[in-house]
Amino acid sequence: MSPVHKFISGDINLCNVEKNKNILINSHFKNSSIFVVGDPYFDNHEIHKPKNLIKKDIFKPKILFVPTPTHEHSLCSSKDEYNLIINVVNTILKNDFDVALKIHPSSSLMDEYVNALKNNILQPIKIFQSEDLVELLKNYDIMLTYGGTSAIYDAILLAKPIVNLDFNNDVTGQDIFRDNKLITRCTNISSLIVDFENAYKKIINPSDIENFFQKYLGYSKNKPSELAADILYAYLKKTFNLK
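Residues numbered from 1 in each chain as written. Predicted model: local features only at pLDDT ≥ 70, side-chain atom pairs only at ≥ 80, totals over all residues. Heavy atoms only, no water.

### Observations regarding the packing of helix 2 (residues 78-94) against helix 6 (residues 192-201)
Next, step 1: The contact between helix 2 and helix 6 brings their axes to 10 Å, and the two run at 70°. As judged from the angle between their axes, helix 2 and helix 6 are roughly perpendicular. Of the residues in helix 6, those touching helix 2 at V88, T91 and I92 are L192, I193 and F196.
Next, step 2: Per-class residue counts for the contact of helix 2 with helix 6 are five nonpolar, one polar and no charged. (Axes fitted to C-alpha atoms, helices over the stretch in contact; angles between N-to-C directions. Helix = DSSP H or I, 4+ residues; strand = E, 2+ residues; numbered from the N terminus. Parallel < 35°, antiparallel > 145°, perpendicular 65-115°, else oblique. Contact = heavy atoms within 4.5 Å. Nonpolar A, V, L, I, M, F, W, Y, C, P; charged D, E, K, R; others polar.)

### Re the nonpolar core
Next, step 1: Core analysis: the biggest nonpolar cluster contains 34 residues, and F65, L144, L165 and F196 have the highest contact counts within it.
Next, step 2: Among the secondary structure elements, those contributing two or more residues to this core are strand 3 (62-66), helix 2, strand 4 (98-102), helix 3 (110-117), strand 6 (142-146), strand 7 (162-165) and helix 6.
Next, step 3: Looking at this core, the element that brings in the most residues is helix 2, giving eight residues.
Next, step 4: Among residues more than four places away in sequence, those in contact with L144 are I63, L64, F65, V66, V88, I92, V163, L165, L192 and F196.
Next, step 5: Formed by 28 residues, the second largest nonpolar core is a distinct cluster that contains L136, A151, A159 and Y216. (Core = buried A, V, L, I, M, F, W, Y, C linked by side-chain atoms within 4.5 Å. Buried < 20%, exposed > 50% of the residue type's maximum accessible area, 1.4 Å probe, protein only.)

### What about a nonpolar patch on the surface?
Next, step 1: Together, L236, F240 and L242 make up a nonpolar patch on the protein surface, roughly 290 Å² of accessible area in all.
Next, step 2: Checked against the element boundaries, L236 lands in helix 8 (residues 224-239).
Next, step 3: Assessed through its relative accessible area of 38%, L236 is described here as partly exposed. (Patch = residues over 30% accessible without salt bridge, like charges linked within 9 Å, V, L, I, M, F, W, Y side chains within 5 Å. Areas by Shrake-Rupley, 256 points an atom, 1.4 Å probe, with all protein chains shown as cover. Salt bridge = Lys/Arg side-chain N within 4 Å of Asp/Glu carboxyl O.)

### Quick word on the sheet that holds strand 6
Next, step 1: Ordered by their spatial adjacency, six strands build an open sheet running 5-4-3-6-7-8, and the pairing between neighbours is parallel. Single-partner strands in this sheet number two, and they are strand 5 (127-128) and strand 8 (183-186).
Next, step 2: Across four bridges, strand 3 lies against strand 4 in parallel orientation. Each residue of the ladder has a partner; that of L64, found in strand 4, is A100. (Pairing = 2+ DSSP bridges.)

### Section: the side chain of N90
Next, step 1: Here N90 shows up in helix 2.
Next, step 2: Given a relative accessible area of 12%, N90 falls into the buried group.
Next, step 3: Apart from the residues lying within four places of it in its own chain, the contact partners of N90 are N120, I121 and L122.

### Regarding the pairing of strand 7
Next, step 1: Neither face of strand 7 is left uncovered, since the one carrying I162 and N164 and the one carrying V163 and L165 both have all their residues buried.
Next, step 2: Pairing geometry for strand 7 and strand 8, over four bridges, is parallel. Residue I162 lies in a different strand from strand 8, and its bridge partner there is I183.

### A closer look at helix 2
Helical geometry note: an α-helix holds 3.6 residues per turn, so side chains three or four residues apart project in the same direction.
Next, step 1: With 17 residues, helix 2 should reach 24 Å at 1.5 Å per residue; the first-to-last C-alpha distance of 24 Å fits that figure.
Next, step 2: On its buried side, helix 2 packs onto strand 3, strand 4, helix 3, strand 6, strand 7 and helix 6.
Next, step 3: Just beyond helix 2, the residue with positive phi is D96, at close to 60°. (Expected span 1.5 Å × (residues − 1).)

### Some words on the pattern of salt bridges
Next, step 1: In total, this model carries four salt bridges according to the counting rule given.
Next, step 2: Among the ionic pairs, D96 bridges to K60, the shortest N-O distance being 4.0 Å. A residue pair is termed long-range when its members are at least 10 positions apart, and D96 in the loop between helix 2 and strand 4 and K60 in the loop between strand 2 (34-36) and strand 3 qualify at 36 residues.
Next, step 3: Residue class for K60 comes out partly exposed when judged on its relative accessible area of 36%.
Next, step 4: In this structure, E135 and K138 form a salt bridge, with 3.1 Å as the shortest nitrogen-oxygen distance.
Next, step 5: Accessibility expressed as a relative area gives 44% for E135, which makes it partly exposed.

### A word on the packing of aromatic side chains
Next, step 1: Under the criterion given, the structure shown has four aromatic pairs.
Next, step 2: Centre to centre, the rings of Y82 and Y113 are 5.1 Å apart; their planes meet at 85°, and the pair counts as edge-to-face. In this pair, Y82 sits in helix 2 while Y113 sits in helix 3, placing the two residues 31 residues apart along the sequence. Like Y113, Y82 is buried.
Next, step 3: With a centroid separation of 6.4 Å and an interplanar angle of 50°, the aromatic rings of F97 and F196 are classed as tilted. Highlighted residues: F97 in the loop between helix 2 and strand 4 and F196 in helix 6, separated in sequence by 99 residues. F196 shares its class with F97; the two are buried. (Phe/Tyr/Trp six-rings, centres within 6.5 Å; stacked < 30°, edge-to-face > 60°.)

Structure follows, in C-alpha coordinates:
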(Lines give C-alpha, C1' and ligand atoms only; values in the text may rest on other atoms or scores of the structure.)
Protein backbone atom coordinates (compact mmCIF):
# COMPACT_ATOMS: atom_id res chain seq x y z
CA MET A 1 0.00 0.00 0.00
CA SER A 2 2.97 2.31 0.58
CA PRO A 3 5.20 3.66 -2.22
CA VAL A 4 8.51 1.80 -2.62
CA HIS A 5 11.72 3.27 -4.10
CA LYS A 6 14.78 1.29 -5.18
CA PHE A 7 16.87 3.61 -2.98
CA ILE A 8 16.01 1.37 -0.01
CA SER A 9 16.98 -1.85 -1.79
CA GLY A 10 19.50 -4.00 0.06
CA ASP A 11 21.72 -6.89 -0.97
CA ILE A 12 19.03 -9.12 0.51
CA ASN A 13 15.37 -8.09 0.45
CA LEU A 14 12.92 -10.23 2.44
CA CYS A 15 9.16 -10.04 1.98
CA ASN A 16 6.19 -12.05 3.13
CA VAL A 17 4.16 -12.76 -0.06
CA GLU A 18 4.63 -13.02 -3.83
CA LYS A 19 2.54 -9.89 -4.35
CA ASN A 20 5.11 -7.83 -2.45
CA LYS A 21 7.92 -9.41 -4.45
CA ASN A 22 6.25 -8.20 -7.63
CA ILE A 23 5.95 -4.70 -6.17
CA LEU A 24 9.69 -4.68 -5.46
CA ILE A 25 10.51 -5.92 -8.96
CA ASN A 26 8.32 -3.21 -10.48
CA SER A 27 10.24 -0.72 -8.31
CA HIS A 28 13.47 -1.94 -9.98
CA PHE A 29 14.79 -4.08 -7.13
CA LYS A 30 17.09 -6.83 -8.41
CA ASN A 31 15.07 -10.03 -8.76
CA SER A 32 17.88 -12.23 -7.41
CA SER A 33 17.99 -10.19 -4.18
CA ILE A 34 14.33 -10.79 -3.29
CA PHE A 35 13.19 -13.73 -1.17
CA VAL A 36 9.65 -14.59 -0.10
CA VAL A 37 9.82 -16.05 3.42
CA GLY A 38 6.44 -15.37 5.05
CA ASP A 39 5.75 -13.36 8.19
CA PRO A 40 7.91 -14.23 11.26
CA TYR A 41 5.15 -12.95 13.55
CA PHE A 42 3.34 -16.22 12.85
CA ASP A 43 6.30 -18.54 13.44
CA ASN A 44 4.34 -20.54 16.00
CA HIS A 45 0.92 -20.29 14.41
CA GLU A 46 -1.45 -23.18 14.71
CA ILE A 47 -4.47 -23.64 12.50
CA HIS A 48 -7.39 -24.87 14.58
CA LYS A 49 -9.92 -27.28 13.19
CA PRO A 50 -13.39 -25.73 13.06
CA LYS A 51 -15.83 -27.03 15.64
CA ASN A 52 -19.02 -28.64 14.45
CA LEU A 53 -21.86 -26.17 14.74
CA ILE A 54 -24.58 -27.04 17.19
CA LYS A 55 -27.96 -26.03 15.82
CA LYS A 56 -29.87 -23.77 18.16
CA ASP A 57 -33.58 -23.12 18.23
CA ILE A 58 -32.88 -19.42 18.63
CA PHE A 59 -29.92 -17.69 16.99
CA LYS A 60 -28.25 -15.74 19.83
CA PRO A 61 -24.53 -15.50 19.12
CA LYS A 62 -21.96 -13.81 21.31
CA ILE A 63 -20.26 -11.04 19.34
CA LEU A 64 -16.77 -9.71 20.01
CA PHE A 65 -16.55 -6.30 18.32
CA VAL A 66 -12.90 -5.42 17.62
CA PRO A 67 -12.71 -1.82 16.38
CA THR A 68 -9.73 -0.78 14.28
CA PRO A 69 -7.90 2.28 15.71
CA THR A 70 -8.85 4.35 12.68
CA HIS A 71 -9.22 7.80 14.19
CA GLU A 72 -6.12 7.20 16.33
CA HIS A 73 -4.19 6.87 13.05
CA SER A 74 -5.82 10.04 11.67
CA LEU A 75 -7.77 8.17 8.98
CA CYS A 76 -11.10 9.58 10.14
CA SER A 77 -12.52 11.78 12.89
CA SER A 78 -13.12 10.36 16.36
CA LYS A 79 -16.73 11.55 16.12
CA ASP A 80 -17.36 9.51 12.97
CA GLU A 81 -15.73 6.40 14.40
CA TYR A 82 -17.56 6.53 17.71
CA ASN A 83 -20.86 7.14 15.92
CA LEU A 84 -20.25 4.02 13.86
CA ILE A 85 -19.43 1.96 16.94
CA ILE A 86 -22.44 3.26 18.86
CA ASN A 87 -24.84 2.57 15.97
CA VAL A 88 -23.47 -0.92 15.45
CA VAL A 89 -23.55 -1.80 19.16
CA ASN A 90 -27.13 -0.55 19.50
CA THR A 91 -28.20 -2.56 16.45
CA ILE A 92 -26.76 -5.68 18.07
CA LEU A 93 -28.32 -4.95 21.46
CA LYS A 94 -31.74 -4.33 19.90
CA ASN A 95 -31.62 -7.92 18.71
CA ASP A 96 -30.80 -9.10 22.21
CA PHE A 97 -27.33 -10.39 21.26
CA ASP A 98 -24.42 -10.42 23.67
CA VAL A 99 -21.71 -7.99 22.50
CA ALA A 100 -18.42 -6.78 23.96
CA LEU A 101 -15.65 -4.51 22.68
CA LYS A 102 -11.96 -5.35 22.42
CA ILE A 103 -10.06 -2.13 21.73
CA HIS A 104 -6.45 -1.88 20.60
CA PRO A 105 -4.02 -2.56 23.47
CA SER A 106 -1.68 0.34 22.69
CA SER A 107 -3.20 2.77 20.17
CA SER A 108 -6.56 3.28 21.92
CA LEU A 109 -7.47 4.97 25.20
CA MET A 110 -9.92 3.17 27.47
CA ASP A 111 -11.31 6.39 28.97
CA GLU A 112 -12.17 7.71 25.51
CA TYR A 113 -14.21 4.65 24.66
CA VAL A 114 -15.94 4.52 28.03
CA ASN A 115 -16.94 8.19 27.80
CA ALA A 116 -18.01 7.92 24.15
CA LEU A 117 -20.34 4.98 24.84
CA LYS A 118 -21.66 6.19 28.20
CA ASN A 119 -25.36 7.09 27.94
CA ASN A 120 -25.25 6.50 24.17
CA ILE A 121 -25.82 2.74 24.05
CA LEU A 122 -28.87 0.83 25.19
CA GLN A 123 -27.08 -0.89 28.03
CA PRO A 124 -23.52 -1.09 29.37
CA ILE A 125 -21.20 -3.62 27.72
CA LYS A 126 -17.79 -5.03 28.57
CA ILE A 127 -14.78 -3.26 27.10
CA PHE A 128 -11.56 -5.27 26.95
CA GLN A 129 -8.13 -3.88 26.12
CA SER A 130 -5.07 -5.60 27.58
CA GLU A 131 -6.62 -9.09 27.49
CA ASP A 132 -5.25 -11.63 25.03
CA LEU A 133 -7.37 -11.51 21.87
CA VAL A 134 -7.00 -15.21 21.09
CA GLU A 135 -8.18 -16.22 24.54
CA LEU A 136 -11.12 -13.81 24.32
CA LEU A 137 -12.19 -15.11 20.93
CA LYS A 138 -12.51 -18.61 22.32
CA ASN A 139 -15.46 -17.35 24.39
CA TYR A 140 -17.32 -15.68 21.49
CA ASP A 141 -19.13 -17.02 18.44
CA ILE A 142 -18.35 -14.27 15.91
CA MET A 143 -15.74 -11.55 15.56
CA LEU A 144 -16.96 -8.24 14.17
CA THR A 145 -14.48 -5.68 12.91
CA TYR A 146 -13.70 -3.29 10.04
CA GLY A 147 -10.74 -2.16 7.99
CA GLY A 148 -7.51 -4.10 7.67
CA THR A 149 -6.85 -4.97 11.29
CA SER A 150 -4.44 -7.83 12.01
CA ALA A 151 -7.02 -9.10 14.50
CA ILE A 152 -8.53 -10.88 11.49
CA TYR A 153 -5.48 -13.17 11.41
CA ASP A 154 -6.13 -14.38 14.95
CA ALA A 155 -9.81 -15.04 14.28
CA ILE A 156 -9.02 -16.99 11.11
CA LEU A 157 -6.41 -19.12 12.89
CA LEU A 158 -9.15 -20.06 15.35
CA ALA A 159 -11.58 -20.73 12.48
CA LYS A 160 -13.95 -18.15 13.93
CA PRO A 161 -16.69 -16.62 11.76
CA ILE A 162 -15.83 -13.02 10.85
CA VAL A 163 -18.05 -10.13 9.80
CA ASN A 164 -16.15 -7.16 8.39
CA LEU A 165 -17.97 -3.83 8.08
CA ASP A 166 -17.50 -2.14 4.73
CA PHE A 167 -19.80 0.84 4.43
CA ASN A 168 -17.60 2.70 1.93
CA ASN A 169 -16.81 5.57 4.25
CA ASP A 170 -13.67 6.93 5.91
CA VAL A 171 -14.12 4.74 8.99
CA THR A 172 -14.47 1.35 7.30
CA GLY A 173 -12.89 2.18 3.96
CA GLN A 174 -9.60 0.35 4.59
CA ASP A 175 -11.10 -3.08 3.93
CA ILE A 176 -8.08 -4.92 2.48
CA PHE A 177 -8.93 -8.57 3.23
CA ARG A 178 -11.32 -10.15 0.75
CA ASP A 179 -12.10 -13.82 1.17
CA ASN A 180 -15.71 -14.90 0.80
CA LYS A 181 -15.04 -18.34 2.28
CA LEU A 182 -13.78 -16.90 5.57
CA ILE A 183 -15.00 -13.32 5.85
CA THR A 184 -18.55 -12.00 5.48
CA ARG A 185 -18.69 -8.39 4.29
CA CYS A 186 -21.43 -6.19 5.70
CA THR A 187 -22.06 -3.31 3.30
CA ASN A 188 -25.02 -1.81 5.13
CA ILE A 189 -25.90 -1.74 8.80
CA SER A 190 -29.44 -2.81 7.93
CA SER A 191 -28.10 -6.24 6.87
CA LEU A 192 -25.87 -6.72 9.92
CA ILE A 193 -27.99 -9.36 11.66
CA VAL A 194 -28.47 -11.35 8.45
CA ASP A 195 -24.71 -11.14 7.87
CA PHE A 196 -24.13 -12.57 11.35
CA GLU A 197 -26.37 -15.50 10.48
CA ASN A 198 -24.61 -16.08 7.15
CA ALA A 199 -21.18 -15.90 8.77
CA TYR A 200 -22.20 -18.33 11.50
CA LYS A 201 -23.45 -20.88 8.95
CA LYS A 202 -20.25 -20.92 6.90
CA ILE A 203 -18.25 -24.12 6.86
CA ILE A 204 -14.59 -23.16 7.37
CA ASN A 205 -12.05 -25.65 6.09
CA PRO A 206 -8.37 -25.76 7.14
CA SER A 207 -7.42 -25.57 3.45
CA ASP A 208 -9.29 -22.25 3.16
CA ILE A 209 -7.32 -20.92 6.12
CA GLU A 210 -4.02 -22.03 4.58
CA ASN A 211 -4.95 -20.35 1.28
CA PHE A 212 -5.75 -17.11 3.10
CA PHE A 213 -2.39 -17.07 4.85
CA GLN A 214 -0.59 -17.95 1.63
CA LYS A 215 -2.22 -14.96 -0.05
CA TYR A 216 -1.78 -12.36 2.69
CA LEU A 217 1.12 -13.58 4.85
CA GLY A 218 3.06 -16.15 2.89
CA TYR A 219 1.89 -19.25 4.75
CA SER A 220 4.67 -21.76 5.28
CA LYS A 221 4.96 -24.99 7.24
CA ASN A 222 8.54 -23.88 7.98
CA LYS A 223 9.17 -21.00 10.35
CA PRO A 224 9.59 -17.75 8.38
CA SER A 225 12.27 -16.52 10.82
CA GLU A 226 14.34 -19.65 10.17
CA LEU A 227 13.98 -19.26 6.40
CA ALA A 228 15.10 -15.63 6.68
CA ALA A 229 18.05 -16.53 8.93
CA ASP A 230 19.21 -19.25 6.50
CA ILE A 231 19.11 -16.82 3.57
CA LEU A 232 21.04 -14.15 5.47
CA TYR A 233 23.61 -16.65 6.76
CA ALA A 234 24.19 -18.08 3.27
CA TYR A 235 24.74 -14.57 1.90
CA LEU A 236 27.18 -13.61 4.68
CA LYS A 237 29.02 -16.90 4.37
CA LYS A 238 29.49 -16.40 0.63
CA THR A 239 30.36 -12.70 0.86
CA PHE A 240 32.93 -13.03 3.62
CA ASN A 241 34.17 -16.54 2.80
CA LEU A 242 32.98 -17.85 6.15
CA LYS A 243 33.32 -21.54 6.93
